[in-house]
Amino acid sequence: MTQWIPVLKGLATYIPGLYTVMARRKIVRSGDAAYYYELWIKHLSLLWASGMRSMPKSMAEFGPGQSLGLGIAALLSGVGHYYALDVVLFESPDKSLAMLDAMIAMFHRRAGISRPHTPSFDQYLDANRFPSHILTDERLAESLAPERIALIRAALMQRADKHSTVSVQYIAPWHDNDALPNNSIDVIISHTVMEYVVDLDDIYKTCSGWLNVNGWMSHQIDFSSHDITHAWNGTWAYSNSAWKMVTGKRPYFLNRQPCSQHISVINQSGFDIRCAIQNKRTDGLSRHQLNRAWQSLSDDDIQCAGLFVQAQKRADATLNY
């Protein structure tokens, strides 16, 4: 019976008015200032470890959810132009301004991160678990200057001058690669978003097109069922036709693509992978418990619950398209 519960929930989305109520009750990518501050510290520190050596002038984020917290942390670190792209408009200006004030205090005191993100992550931080080799006193003096804070605040309130050195653009919904100009972005970040993208070939090629030559992308990808099924990898127990019923009328849902597929498409989309950290689990469904369509997955894919991947655009990437 438990295997049918996700199917019934998916079918319920076709009932007029019911899905709207369900969607409103669901919390989507929410978190406090410390949560987004730490996410940014993780992405930034590992990008530096992977070879990035200057603060990006422009950054795009897929799926910011209910808060622009990750982008706010980036702006406070020295990023000048932030683009938030989502399929549904979630952001609350009041919440963003409150998060800005909380993060300003965190950066001023060089707050260290509290939770471990990877087993060896501490090697990229100082004794206080802060990336002081990246966010130096000199850099923070510039990025946290009162006049620059005023520019960030104005940008979040959509009151910034169009020629300002700081800007925020929220694009929702976005549907195609024309949302941003080609060769205009220094870094693209997402956190637990790429597992929802329908067309991986299109999204990674879009990233390649938007990025400047030698630009970077950094993605945390969650291959778990997101509590849709009891087993963390239970999504692979469903046939393709059954999964369509589970998906129902939702505007976005898990794509069920395994780790190896992401790695393959990234390589084929004009990138060199610089970092690929996998989170392995052995407590999920075994191969014989998967649907026949997924039983050919490798052991690595079956056990991969998460992937933190960073890749740099190749200089000749444009020659592939």
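The structure we're discussing is the one just above.
Cut-offs and rules
Residues numbered from 1 in each chain as written. Predicted model: local features only at pLDDT ≥ 70, side-chain atom pairs only at ≥ 80, totals over all residues. Heavy atoms only, no water. Helix = DSSP H or I, 4+ residues; strand = E, 2+ residues; numbered from the N terminus. Buried < 20%, exposed > 50% of the residue type's maximum accessible area, 1.4 Å probe, protein only. Areas by Shrake-Rupley, 256 points an atom, 1.4 Å probe, with all protein chains shown as cover. Pairing = 2+ DSSP bridges. Right-handed = clockwise from strand over helix to strand, strands pointing away. 1 Å grid on protein atoms, 1.4 Å probe; cavity = no way out; pocket = protein on both sides within 12 Å on 5 of 7 lines; lining within 4 Å. Points joined across faces, edges and corners; volume = space filled by probe spheres on them. Nonpolar A, V, L, I, M, F, W, Y, C, P; charged D, E, K, R; others polar. Salt bridge = Lys/Arg side-chain N within 4 Å of Asp/Glu carboxyl O.

**As for the overall build of the chain**
Check the secondary structure of the chain and you find 11 helices and seven strands. For the chain, with 321 residues in total, the buried portion stands at 50%. Accessible area for the chain stands at about 15,300 Å²; split by element, carbon and sulfur atoms hold 51% of it.

**Considerations on the pairing of strand β4 (residues 185–191)**
In regular strands, side chains alternate between the two faces of the sheet. The buried count for β4 comes to six of seven residues, which makes it a mostly enclosed element. Across four bridges, strand β1 (residues 58–62) lies against β4 in parallel orientation. Within the sheet, the bridge partner assigned to Glu61 lies in β4 and is Ile189. Between β4 and its parallel partner strand β5 (residues 211–222), the chain crosses via helix α8 (residues 200–210), and the hand of that crossover is right-handed.

**Re empty space enclosed by the protein**
By the definition in use, this model includes one cavity of 30 Å³ or more. In terms of lining residues, the largest cavity is bounded by Glu195, Ile221, Asp222, Phe223, Ser224, Thr235, Trp236, Leu254, Asn255, Arg256, Gln257 and His262. Residue composition of the lining of the largest cavity, by class: four nonpolar, five polar and three charged.

**Here's the deal with the pattern of salt bridges**
Two side chains bearing opposite charge may form a pair once their charged atoms approach each other closely. With the rule as written, the count across this model stands at nine salt bridges. Salt-bridge contacts for Asp101 lead to Arg153; the nearest nitrogen and oxygen are separated by 2.9 Å. Taken together, the residues Asp101 in helix α5 (residues 93–108) and Arg153 in helix α7 (residues 146–156) connect sequence positions 52 residues apart. You can call Asp101 partly exposed: its relative accessible area is 40%. Asp272 is paired through a salt bridge with Arg274; the nearest N and O atoms lie 3.9 Å apart. Owing to a relative accessible area of 44%, Arg274 belongs among the partly exposed residues under this scheme. When salt bridges with common partners are traced through the structure, they connect Asp272, Arg274, Arg314 and Asp316 into a single cluster.

**Let's talk about the pairing of β5**
In this sheet, β5 lies alongside β4 in parallel orientation, the contact comprising six bridges. Looking across to β5, one finds that Ser190 is bridged to His219. By the bridge criterion, seven bridges tie β5 to strand β7 (residues 304–313) in an arrangement that is antiparallel. Looking at β7, one finds that Met217 is bridged to Ala311.

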